[in-house]
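This is what each chain is made of:
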Amino acid sequence: MPEDESPAEAPPGEEPQEAATEVKQERLEAEKGFRGEANERELQELVANRSTNILMIGAGGAGLRASIEASAAGVSVGLICKSLLGKAHTVMAEGGIAAALANVDDRDNWKVHFSDTMRGGQYINNWRMAEIHAKEAPDRVRELEAWGAVFDRTDDGRILQRNFGGHKYPRLAHVGDRTGLEMIRTLQDHGIHRGIDVHMECTIVTLLKESGRIVGAFGYERERGRFKLFRAKSVVLATGGIGRAFKISSNSWEYTGDGHSLAYHSGAELIDMEFV
């Protein structure tokens, strides 16, 4: 270029080429940094230690009630449900809750209920569990009522009870033919009120062991497939039955024996499997 000629100026409204290249590089670096931060956040989400005192796997009636009891004792609780909260198979319990309230027939009491339960199980039941059930069932029903469950009523305003197979007296406290739904609704509302940490649509695939004891669980989000790692001082399995092992079953799609498998592969002994 001749000495008397100066560099061509950029057209109006456009940056010189060198300046444009520098700006582009800065943008690329900024974008790269943003993506790096985003990837780091995703990685942290992937391996995040979700720590809790009690990890409850299963959010049916049993899992919810156990979570409430643990929360009432002052410990943190993480509740894992395979589907959405409130969609457990407990909603299919239409008959009612057996409890010797004696609201319809005053001859009923826990001893008669215990006798009916043992006879119904051909006397190979776990008698101690049957005894606890018969004694505590009335308190559990009144507890649900206090938490907001709306049971059918007698003419004088008490909880109505009806006959059911195997029970000597009218014993089933009920809410029409949707007792299970009312139970789940009441328990989930009370559990959320207590601040229980709920993880919905999460499937657990294995329990974590350290020095011979269970210290947590590993699973994934059903919606996105993202992995989840839970650490806990205690893990409770409340995953329900295995009805979906059979070709014809009215059980929920969730009842695939996850809890049995988790326990077995962690070294637990399964009992009474001949009754499946």
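These notes cover the structure that comes with them. (Residues numbered from 1 in each chain as written. Predicted model: local features only at pLDDT ≥ 70, side-chain atom pairs only at ≥ 80, totals over all residues. Heavy atoms only, no water.)

### Notes on the sheet that holds strand E5 (residues 172–173)
Condition: If DSSP finds at least two bridges between two strands, the strands pair. Helix and strand assignments come from DSSP, with helices taken as H or I runs of at least 4 residues and strands as E runs of at least 2, each series counted from the N terminus.
Ordered in space as E3-E5-E4, the three strands form an open sheet in which the pairing is antiparallel. Of all the strands in the sheet, the pair left with one neighbour each is strand E3 (97–98) and strand E4 (161–162).

### Quick look at the environment of Phe246
Selection rule: The classification of residues rests on relative accessible area computed with a 1.4 Å probe and restricted to protein chains. Under 20% of the type maximum is buried, over 50% is exposed, and intermediate values are partly exposed.
Counting through the fold element by element, Phe246 comes out in the loop between strand E9 (227–237) and helix H6 (258–265). The class for Phe246 is partly exposed, based on a relative accessible area of 46%. Distance from Phe246 to Thr256, taken between C-alpha atoms, is 9.6 Å for residues 10 residues apart in sequence.

### Overview of the pattern of salt bridges
Note the threshold: A side-chain nitrogen of Lys or Arg and a carboxyl oxygen of Asp or Glu constitute a salt bridge if their distance falls within 4 Å.
For the structure on display, the rule yields 18 salt bridges. One salt bridge in this structure joins Glu131 and Lys135, with 3.3 Å as the shortest N-O distance. Of this pair, Glu131 and Lys135 both sit in helix H4 (residues 127–146), four residues apart, roughly one helical turn. Residue classification places Glu131 among the buried residues on the basis of a relative accessible area of 14%. We classify Lys135 as partly exposed; its relative accessible area is 40%. For Glu182, the salt bridge is made with Arg185, and the minimal N-O distance between the two is 2.8 Å.

### Section: unusual backbone geometry
Of note in this structure, Tyr123 is not a glycine but carries a positive phi near 65 degrees. By the element assignment, Tyr123 lies in the loop between helix H3 (110–120) and H4. A residue is classified by how much of its surface remains accessible, and Tyr123, at 55% relative accessible area, is exposed.

### Looking at the packing of helix H2 (residues 61–72) against helix H5 (residues 179–193)
The geometry of a pair of packed helices is captured by two quantities: the angle between their axes and the separation between those axes. Selection rule: Helix axes are fitted to C-alpha atoms over the stretch in contact, other axes to C-alpha atoms as well, and angles between N-to-C directions run from 0 to 180 degrees. Here is the rule for angles: anything less than 35 degrees is roughly parallel, anything more than 145 is roughly antiparallel, 65 through 115 is roughly perpendicular, and the remaining ranges are oblique. For any helix crossing, the convention is left-handed if the near helix is rotated counterclockwise from the far helix by under a right angle, and right-handed if that rotation is clockwise. We call two residues in contact whenever any of their non-hydrogen atoms come within 4.5 Å of each other. Gly is placed with the polar residues, together with every amino acid not listed as nonpolar (Ala, Val, Leu, Ile, Met, Phe, Trp, Tyr, Cys and Pro) or charged (Asp, Glu, Lys and Arg).
Between H2 and H5, the shortest axis-to-axis distance is 9 Å and the interhelical angle comes to 30 degrees. Relative to H5, the element H2 lies roughly parallel. Pair H2 / H5 crosses with left-handed handedness. Seen from H2, the contacting residues are Gly61, Leu64, Arg65 and Ile68; seen from H5, they are Ile184, Leu187, Gln188, His190 and Gly191. Here the residues of the contact of H2 with H5 are counted per class, giving four nonpolar, four polar and one charged.

### Points about the packing of aromatic side chains
For clarity, the threshold we go by: Here the aromatic set is Phe, Tyr and Trp, taking the six-membered ring for Trp, and pairing holds for ring centres within 6.5 Å; pairs whose planes are under 30 degrees apart are stacked, those over 60 apart are edge-to-face, and all others are tilted. Whether a charge sits over a ring comes down to the Lys NZ or Arg CZ being within 6 Å of the ring centre and within 35 degrees of the ring normal.
In this structure the tally under the stated criterion is two aromatic pairs. Ring geometry for Trp110 versus Phe114: centroids 6.4 Å apart, planes at 55 degrees, classification tilted. With Trp110 and Phe114 both in helix H3 and four residues apart, the pair spans about one turn of that helix. What makes Trp110 partly exposed here is its relative accessible area of 29%. The aromatic ring of Trp110 is capped on one face by Lys135, whose charged end is 4.7 Å from the ring centroid.

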